[in-house]
Amino acid sequence: MKNLPLHIAFIMDGNGRWAKNQGKPRSAGHREGLTAAKRIVKAASDIGIKYITLYAFSTENWKRTEDEVAFLMNLISRHLRKEMDFYVKNRIRVVHSGDFSALPDSVKYEITSVTEATAGFKGTAVNLAINYGGRDEIIRAVNRIYDKSPEKRSPVTEQEISENLDCADFPDPDLIVRSAGERRLSNFLLWQCAYAEFYYSDKLWPDWDKSDLDAAVSSYRNRNRKFGGLNE
Ligand code: IPE
Ligand code: IPE
Ligand code: MG
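Parameters at a glance
- Residues numbered from 1 in each chain as written.
- Chains lettered and ligands numbered in written order.
- Predicted model: local features only at pLDDT ≥ 70, side-chain atom pairs only at ≥ 80, totals over all residues.
- Heavy atoms only, no water.
- Core = buried A, V, L, I, M, F, W, Y, C linked by side-chain atoms within 4.5 Å.
- Buried < 20%, exposed > 50% of the residue type's maximum accessible area, 1.4 Å probe, protein only.
- Helix = DSSP H or I, 4+ residues; strand = E, 2+ residues; numbered from the N terminus.
- Contact = heavy atoms within 4.5 Å.
- Near = heavy atom within 4 Å.
- Polar contact = N/O pair within 3.5 Å; in protein donor to acceptor, adjacent residues only side chain to side chain.
- Areas by Shrake-Rupley, 256 points an atom, 1.4 Å probe, with all protein chains shown as cover.
- Nonpolar A, V, L, I, M, F, W, Y, C, P; charged D, E, K, R; others polar.
- Pairing = 2+ DSSP bridges.
- Axes fitted to C-alpha atoms, helices over the stretch in contact; angles between N-to-C directions.
- Parallel < 35°, antiparallel > 145°, perpendicular 65-115°, else oblique.
- Left-handed = near helix turned anticlockwise from the far one by under 90°.

Peer 1: Looking at this structure, I do not really get the nonpolar core. What am I missing?
Peer 2: In a soluble, globular protein the nonpolar side chains are often hidden away together inside. In this structure, Ile-8, Phe-10, Ile-52, Leu-54, Val-177, Trp-205 and Leu-213 are the most contacted members of the largest nonpolar core, which totals 39 residues. Considering every element that reaches this core, the biggest residue donor is helix α2 (residues 26-46), with 6 residues. Excluding anything up to four places from it in sequence, Ile-8 contacts Ile-49, Tyr-51, Ile-52, Thr-53, Leu-175, Val-177, Leu-213 and Val-217. The next biggest cluster of nonpolar side chains, apart from the first, holds 10 residues, and it includes Ile-11, Ala-129, Cys-193 and Ala-196.

This is the structure we're talking about:
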């Protein structure tokens, strides 16, 4: 397929509304949302998308109730343990973005296991954004630059920041997809979004399937990207 996005980043939104519509607790929506995430990763990898980022938990999501946060952390660590085979079988390289240091030990352990076990895979790469915030990432990148050269006097460059982001080997996202009718970034990939295309859908994330991914990709393929130039 021509003009496929190299990197698609998903803001998976609407789990809570999905659960409410079904008369279920929010946790049921998160569980279903994770199933949708796996479905979309498989579908995207099958059509040849090389890089996928999934926004799973933001630096602001700690504001939710203690129960919801605990449920989400538990769900994430159980998913990583249970789906290790899925990632290995599909030769998917898993990486993590976000502030690792503040995650519960169980989540840290599972992230480390899956990223190490899949590090050598050359197929699709999946970046799990967990405890991720765009501003937090930029600040950590700048601090990394100074940690590496404490004597540094020269001005920080754009390239240095890019190279010190959490997932420096990923290209900038070509397409940002957000479900559930919201039209905002919510602190996602602020640096990397400079020239991203956006696709919004009213469908709640747990209802997403391959046809929704196809619609997002086909919308992207009709865009005229100019990067500030004159690409008529
Ligand atoms: C997205 O669904 C998942 C996370 C933010 C963890 P929400 O939980 O935000 O669902 P809504 O927005 O309440 O419907
Ligand atoms: C963004 O969704 C974060 C994730 C999808 C993980 P939110 O539901 O937290 O965003 P807001 O609060 O509606 O902006
Ligand atoms: Mg939401």
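And the narrative resumes.
Peer 1: Looking at this structure, how should I read the site of ligand 2?
Peer 2: Lining the immediate environment of ligand 2, one finds Ile-11, Met-12, Asp-13, Tyr-55, Ala-56, Phe-57, Asn-61, Arg-64, Arg-178, Arg-184 and Ser-186. Side-chain polar atom of Arg-184 to an oxygen atom of ligand 2: 2.8 Å apart, as the coordinates give it. The fraction of the free accessible surface of ligand 2 (390 Å²) that becomes covered by protein chains is 77%. Classifying every residue of the shell around ligand 2 gives 5 nonpolar, 2 polar and 4 charged.

Peer 1: It is not clear to me how the pairing of strand β1 (residues 7-11) should be interpreted in this structure. Could you clarify?
Peer 2: Looking along a regular strand, one sees the side chains alternate between the two faces of the sheet. In terms of residue burial, β1 counts as a mostly covered element, since 5 of its 5 residues are buried. Here β1 runs beside strand β2 (residues 51-58); their pairing, made up of 5 bridges, is parallel. Bridging from a neighbouring strand, Phe-10 pairs with Leu-54 of β2. With 4 bridges connecting them, β1 and strand β5 (residues 175-178) associate as parallel partners. In the sheet register, Ile-11 faces β5, and the bridge partner there is Arg-178.

Peer 1: Explain the packing of helix α3 (residues 66-82) against helix α5 (residues 105-118) here, please?
Peer 2: Relative orientation and spacing of two packed helices are given, respectively, by the angle between their axes and the distance between those axes. Direction vectors running N to C along α3 and α5 enclose 25 degrees, while the axes themselves pass 9 Å from each other. One finds that α3 runs roughly parallel with respect to α5. Seen from above, α3 lies across α5 with left-handed handedness. Contacts between α3 and α5 involve Met-73, Ile-76, Ser-77, Leu-80 and Arg-81 from the first element and Ser-106, Val-107, Glu-110, Ile-111 and Val-114 from the second.

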